[in-house]
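Letter by letter, the chains look like this.
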Amino acid sequence: MSRRTRRTAGEPGPARPTVSVCRGCCCGTPKIPGVDHAGQLAHLRRSLDGSATVRAVECLDACEQGNVIVVQPSAEGRRAGGRPVWLGLVNDPHAVDDIVSWAQDGGPGLADPPDILDLYVFRPSRRVRAELER
């Protein structure tokens, strides 16, 4: 996982939401059968081009929830109270479509997620959350 330094106060954040797609030891591998992992990532990148940043990341250390996707707010969304939302067991193309719609609408802090995504939300350990925010 990246060891970037945190932004300092007053430094602008991202202008659009960031969708981080776990592609580590379990997520995105044959360990989770019946999912077109490459197609899932390609669909997110194609559909969110221009409205969100999509990045594949190394293991997010929440393997029991694979495939994991984290939707992080834009700077404006964070100012509005948005925080990263962790989604697990994202193995259904319809769930990916709901994530796309939400991110296109502004993501955390700016738009309410589709209600169905409540079924995918989970809270990882504080250590794991801190790693992603670096």
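The sections below set out a description of the structure shown in this document.

Rules and cut-offs
- Residues numbered from 1 in each chain as written.
- Predicted model: local features only at pLDDT ≥ 70, side-chain atom pairs only at ≥ 80, totals over all residues.
- Heavy atoms only, no water.
- Axes fitted to C-alpha atoms, helices over the stretch in contact; angles between N-to-C directions.
- Helix = DSSP H or I, 4+ residues; strand = E, 2+ residues; numbered from the N terminus.
- Parallel < 35°, antiparallel > 145°, perpendicular 65-115°, else oblique.
- Left-handed = near helix turned anticlockwise from the far one by under 90°.
- Contact = heavy atoms within 4.5 Å.
- Nonpolar A, V, L, I, M, F, W, Y, C, P; charged D, E, K, R; others polar.
- Core = buried A, V, L, I, M, F, W, Y, C linked by side-chain atoms within 4.5 Å.
- Buried < 20%, exposed > 50% of the residue type's maximum accessible area, 1.4 Å probe, protein only.
- Pairing = 2+ DSSP bridges.
- Phe/Tyr/Trp six-rings, centres within 6.5 Å; stacked < 30°, edge-to-face > 60°.
- Expected span 1.5 Å × (residues − 1).
- Arc of directions from axis to C-beta.

This part is about the packing of helix 1 (residues 37-48) against helix 3 (residues 93-104). The interhelical angle for the contact between helix 1 and helix 3, taken along N-to-C directions, is 25 degrees, at an axis separation of 10 Å. Looking at the two axes, helix 1 sits roughly parallel to helix 3. The handedness of the crossing between helix 1 and helix 3 comes out as right-handed. Within the contact between the two elements, helix 1 uses Gln 40, His 43, Leu 44, Ser 47 and Leu 48 and helix 3 uses Val 96, Asp 97, Ile 99, Val 100, Ala 103 and Gln 104. Per-class residue counts for the contact of helix 1 with helix 3 are six nonpolar, four polar and one charged.

All right, on to the nonpolar core then. Formed by 21 residues in total, the largest nonpolar core has its most connected members in Val 19, Leu 44, Leu 48, Ile 69, Leu 87, Val 90 and Ile 99. When contributions to this core are tallied by element, the ones reaching two or more residues are strand 1 (18-22), helix 1, strand 3 (69-72), strand 4 (85-87) and helix 3. At six residues, helix 3 tops the list of elements feeding residues into this core. Beyond its immediate chain neighbours, meaning those up to four positions away, Leu 48 contacts Val 19, Val 54, Val 100, Ala 103 and Gln 104. Counting nine residues, the second-largest nonpolar core is a separate cluster that includes Cys 22, Val 57, Leu 60 and Val 68.

Read across the open sheet, the four strands follow the order 2-1-3-4; overall the sheet is mixed. What marks the edges here is a single partner per strand, and that holds for strand 2 (53-57) and strand 4. In this sheet, adjacent strand axes meet at a mean angle of 20 degrees when their direction is disregarded. Running at roughly 160 degrees to strand 2, helix 1 makes contact with strand 1, strand 2 and strand 3 of the sheet. Sitting on the sheet, helix 3 touches strand 1, strand 3 and strand 4, and the angle it makes with strand 3 is about 10 degrees.

Time to look at the packing of aromatic side chains. A complete count under the given rule lists one aromatic pair for this structure. Measuring from centroid to centroid gives 5.9 Å for Trp 86 and Phe 122, while their planes differ by 75 degrees, and the two rings are edge-to-face. With Trp 86 in strand 4 and Phe 122 in the loop between helix 3 and helix 4 (126-133), this pair connects stretches of sequence that are 36 residues apart. Here Trp 86 matches Phe 122 in class, with each residue buried.

Turning our attention to helix 1. If you check helix 1, its first and last C-alpha atoms are 17 Å apart, about what 12 residues at 1.5 Å a residue would give, namely 16 Å. Listed in full, the buried residues belonging to helix 1 are His 37, Gln 40, Leu 41, Leu 44 and Leu 48. Buried residues in helix 1, looked at end-on, bunch into an arc of 95 degrees, giving them a common side. In helix 1, the exposed positions that point more than 90 degrees away from the buried face belong to Ala 38 and Arg 46. Where helix 1 is buried, its residues touch strand 1, strand 2, strand 3 and helix 3. Downstream of helix 1 by a residue or two, Gly 50 has a phi angle that is positive, lying close to 95 degrees.

Everything listed here is a matter of coordinates, which is why it stays silent on function.
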